[in-house]
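Architecture and fold: a report
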Amino acid sequence: MNALVSLLYLLASVLFVVGLKKLSSPKTARQGNGLAALGMLIAIVVTLTDQKILDFTYIIAGLVLGSGVGVWLALRVQMTAMPQMVGVLNGFGGGASALVAFAEYLRLSGDKDLTVWTGQASIDVLVTIVLSILIGTVTIVGSMIASAKLHGIMRGAPILYAFQKQSNAVMALAVIVLGVFFVLDPSLWYLLIIIAGLAMVLGVTSVIPIGGADMPVVISLMNSYSGLAGAMTGFVLSNDVLVISGTLVGTSGLILTKIMCKAMNRSLANVLFAGVGADYDPTVQATEQRTVIRYTPQDIATILESAQSVIIIPGYGLAVAQAQHVLQELVNVLTQRGMQVRYAIHPVAGRMPGHMNVLLAEANAPYDILLEMDQINDDFQNTDVALVIGANDVVNPAARTKKSSPLYGMPILNVDYARTVIVCKRSLNPGFAGEDNELFYNEKTMMVFGDAKDTVTKLVQQLKA
Ligand code: NAP
């Protein structure tokens, strides 16, 4: 029986690995998701059967309640609020790991009143109980703060105060010391409660100094933490598949964090500790009156008709307007006219990693015309038209020149090197980072104001007429 359980756990783990690998390309991502889900189903069924659970009442009640809330949330959530949703789900993962580790401690203690420790647990189990409670609690609290910031419930800008790093370091040290005391004497159960309390405070104080455009990094880091907490709980329970799946989540979250940092040209330490953007006040922008010329979709259609190459830059506004289908229709119309049309995807465009890829896949955009920033950035100088649809920060030249800007140092798509730049958005309002965009005032930029879906629909109608 044990051999069969191990074999099925191995099968589940292989499905996780293959599923993850397939997630790395939009072509195979759906299949990858299905394989990983099948792996999880096998892991759950095997665990429930292997553990010879006598009473399924709580398990079924939890399953019904959890699934109900999950389905309700998933159906209600807007595509634009997905990062917050992912943040909340990461948090639940971490919280669950912490609770399971604590429950296992209670089970091992041997005395339900916890007055004496008569249980038996090896040092590695006790150490991983502490780590699981610590990382899991930091994850749930940190994720909730990050989600609240992204959702606008909390101020998005970094919140800094005196001796912030020092006080965090003292709390982290205190957790280590208390953890050592607990491992030496596991009857001191209240130390676990104090550790959880300190971890809650650390969850708040380690996330509030991060803000603005750095939030996606925090979400992916919390994703990594939730995996680590799960892996620690796997050690507590001696459950191989939990160790493996937790480690996969932990490492893939860390790789994603690294990719996001690279996209912003920043180190992880700089994102976590520098409080970038804290002094930045978007209301104190240059107040000099500048004007832009307002163009109509008809004017733009004329420009597009005479172009031979077009690069489309989608951004968050595309998601808000849900203009992906009509945009792909525009691409088809232009391609039928013999034009070379491609999409340029910035790694942090939108509000979650891969946001633009997901939207455009929904509209059946061919994968071979979706190009990453590094693949296409040198082509703008030989391109007739850069068509910016609801993007702002990812094309903001302040990232190259303005040292005080929260965007400074982030590589951007070089749209201003194209012969003509067309920007479709509703107003001159700034993007996520709150930074005014010089591109709008560039002499080769044509601004078309309005909802992206309306503008692109009019463009398509004009070009088809
Ligand atoms: P952005 O800088 O937030 O700008 C989006 C623009 O879309 C806005 O300026 C807005 O201008 C316009 N817009 C909104 N609704 C629209 C509509 N219905 N029709 C037309 N335009 C509309 O977006 P981005 O260039 O994609 O850059 C992403 C930013 O979000 C970066 O700063 C990134 O760091 C941050 N972020 C990314 C992630 C991630 O994982 N990708 C997660 C969180 C945050 P108007 O109001 O004038 O229309």
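Residues numbered from 1 in each chain as written. Predicted model: local features only at pLDDT ≥ 70, side-chain atom pairs only at ≥ 80, totals over all residues. Heavy atoms only, no water.

Digging into the site of the ligand
Note the threshold: Here a residue is near a molecule or strand as soon as one of its heavy atoms is found within 4 Å of it. What qualifies as a polar contact is a pair of N or O atoms within 3.5 Å, subject to a donor-acceptor requirement within protein and to the restriction that residues adjacent in sequence count only when both atoms come from side chains. Using a 1.4 Å probe, the Shrake-Rupley method yields the accessible areas, and only the shown protein chains count as cover for residues. For each structure, a 1 Å grid was placed over the protein atoms alone; sets of points admitting a 1.4 Å probe that cannot get out are labelled cavities, open sets with protein on both sides within 12 Å along at least five of seven lines are labelled pockets, and lining residues have an atom within 4 Å of a point. More than half of a molecule's atoms lying within 2 Å of a cavity's or pocket's grid points is what places that molecule inside it. A run of H or I in DSSP becomes a helix once it reaches four residues, and a run of E becomes a strand once it reaches two; helices and strands are each numbered from the N terminus. Ten residues, namely Ala, Val, Leu, Ile, Met, Phe, Trp, Tyr, Cys and Pro, are considered nonpolar, four, namely Asp, Glu, Lys and Arg, are considered charged, and the remaining ones, Gly among them, are considered polar. Those domain boundaries reflect an automatic or database domain assignment.
The full set close to the ligand counts 29 residues, and Asn392, Asp393, Arg426, Ser427 and Asp451 are the nearest of them. Within the backbone of Gly350, an N or O atom sits 2.9 Å from an oxygen atom of the ligand. Interatomic distance of 2.9 Å between a side-chain N/O atom of Arg351 and an oxygen atom of the ligand. When isolated, the ligand has an accessible area of 930 Å², and the protein chains bury 97% of it. Placement of the ligand is best described as lying within the second largest pocket. Take the shell around the ligand: its biggest share by element is four residues, from helix H12 (residues 316-321). Among the residues making up the shell around the ligand, the classes are represented as 15 nonpolar, nine polar and five charged. Built from parts of two domains, the shell around the ligand gets at least three residues from each of domain 2 (77-273) and domain 3 (283-464).

Re the sheet that holds strand E5 (residues 420-425)
Basically, it comes down to this: In this scheme, strands are said to pair when DSSP sees at least two bridges between them. To get an axis, a line is fitted to the C-alpha atoms, and for a helix only the part in contact is used. The angle between two axes follows their N-to-C directions and goes from 0 to 180 degrees. Pairs of residues are marked as contacts when any of their non-hydrogen atoms sit within 4.5 Å.
Pairing within the open sheet is parallel, and its six strands lie in the order E3-E2-E1-E4-E5-E6. In this open sheet, the two strands that pair with only one neighbour each are strand E3 (370-372) and strand E6 (445-449). On average, each strand axis in the sheet is tilted by 25° relative to the strand beside it, whichever way the strands run. Where strand E4 (residues 385-389) lies against E5, five bridges are found, and the strand directions are parallel. Note on E5: the bridge partner recorded for Val388 is Val423. Its contacts with the sheet place helix H11 (residues 297-305) against strand E1 (309-314), E4, E5 and E6, and it is angled at close to 140° to E6. Contacts from helix H14 (residues 355-362) reach E1, strand E2 (340-345) and E3 within the one sheet, and its direction differs from that of E2 by about 140°.

Considering the domain arrangement of the protein
Domain annotation for the protein reports domain 1 (1-75), domain 2 (77-273) and domain 3 (283-464). Here the C-alpha centre of domain 3 lies 40 Å away from the C-alpha centre of domain 1.

With respect to a nonpolar patch on the surface
For the record, the criterion: The patches reported here contain residues having more than 30% relative accessible area and no salt bridge. Joining distances are 9 Å for like charges and 5 Å for nonpolar side chains (Val, Leu, Ile, Met, Phe, Trp, Tyr). A pairing counts as a salt bridge when a side-chain nitrogen of Lys or Arg comes within 4 Å of a carboxyl oxygen of Asp or Glu. A 1.4 Å probe rolled over the protein chains alone gives each residue an accessible area, and that area as a share of the maximum for its type sets the label: buried under 20%, exposed over 50%, partly exposed in between.
On the surface, a nonpolar cluster with roughly 620 Å² of combined accessible area is contributed by Leu173, Ile176, Val177, Val180, Phe181 and Leu184. Following the sequence through the fold, Leu173 ends up in helix H6 (residues 164-184). Owing to a relative accessible area of 56%, Leu173 belongs among the exposed residues under this scheme.

What about helix H7 (residues 190-207)?
Where we set the bar: Given a helix with a known number of residues, its expected span is that number minus one, times 1.5 Å.
In this model H7 runs 26 Å from its N-terminal to its C-terminal C-alpha over 18 residues, within 8% of the 26 Å that 1.5 Å per residue would give. If you check which residues of H7 are buried, you get Leu191, Leu192, Ile195, Ala196, Leu198, Ala199, Leu202, Gly203, Thr205 and Val207.

A closer look at the environment of Gly250
In this fold, Gly250 is placed in helix H9 (residues 240-263). Distance in space between the C-alpha atoms of Gly250 and Asn168 is 23 Å, their sequence separation being 82 residues. Other than its neighbours up to four places away in sequence, Gly250 contacts Ser224, Gly227 and Leu228.

Examining empty space enclosed by the protein
Inclusion rule: Grid points are joined across faces, edges and corners, and a volume is the space filled by probe spheres set on the points.
The final tally for this structure, using the stated rule, is one cavity of 30 Å³ or more. A volume near 40 Å³ is recorded for the largest cavity. Together, Ala213, Asp214, Met264, Arg266, Pro406, Leu407, Tyr408 and Met410 line the largest cavity. Among the residues making up the lining of the largest cavity, the classes are represented as six nonpolar, no polar and two charged. Mapping the lining of the largest cavity onto the domain boundaries places at least three of its residues in each of domain 2 (77-273) and domain 3 (283-464).

Overview of the environment of Met82
Note on placement: Met82 falls in helix H4 (residues 82-109). When the C-alpha positions of Met82 and Arg351 are compared, they lie 7.6 Å apart, and in sequence the two are 269 residues distant.

Describing the layout of surface pockets
Over the atoms rolls a probe the size of a water molecule, and its path tells where empty space is left. By volume, the second largest pocket is sized at about 680 Å³. Surrounding the second largest pocket, 36 residues form its lining, Tyr316, Arg351, Gly390, Gly431 and Phe432 being those nearest its centre. Viewed by domain, the lining of the second largest pocket spans two of them, domain 2 (77-273) and domain 3 (283-464), each represented by three or more residues.

Some remarks on the side chain of Asn239
Within the fold, Asn239 resides in the loop between helix H8 (215-237) and H9. If near-sequence neighbours (up to four positions away) are discounted, Asn239 is found in contact with Tyr9, Thr47 and Gly234.

A word on the pairing of E2
To keep things clear, this is the line we draw: Looking down the strands as they point away from the viewer, one classifies a crossover as right-handed if the path from the first strand across the helix to the second runs clockwise.
Within E2, five of the six residues are buried, which leaves it mostly tucked inside the rest of the structure. Pairing between E1 and E2: four bridges, direction parallel. If you follow Val310 over to E2, its bridge partner there is Val341. With three bridges connecting them, E2 and E3 associate as parallel partners. Residue pairing in the sheet places Ala344 in a bridge with Leu371 of E3. Regarding topology, H14 serves as the crossover connection from E2 to the parallel E3, and that connection is right-handed.

Brief notes about helix H17 (residues 452-464)
End to end, H17 covers 18 Å across 13 residues, agreeing with the expected 18 Å (1.5 Å per residue, within 8%). The inward-facing, buried residues of H17 contact H11, H12, helix H13 (324-336), E4, E5 and E6. The residue sitting at the N-terminus of H17 and contributing the capping side-chain oxygen is Asp451; that oxygen lies 3.1 Å from the backbone nitrogen of Lys453.

With respect to the packing of helix H1 (residues 2-23) against H9
For clarity, the threshold we go by: Should an angle fall under 35 degrees it is taken as roughly parallel, and over 145 as roughly antiparallel, whereas 65 to 115 is taken as roughly perpendicular and any remaining angle as oblique. Left-handed describes a crossing in which the near helix is turned anticlockwise from the far one by less than a right angle; the clockwise case is right-handed.
At their nearest, the axes of H1 and H9 sit 9 Å apart, and the two run at 15° to each other. Accordingly, the angle class assigned to the pair H1 and H9 is roughly parallel. As H1 runs across H9, the sense of the crossing is right-handed. Facing Tyr9, Ala12, Ser13, Phe16, Val17 and Leu20 of H1, the residues of H9 in contact are Val241, Ile244, Ser245, Leu248 and Ser252. Classifying every residue of the contact of H1 with H9 by side-chain character gives eight nonpolar, three polar and no charged.

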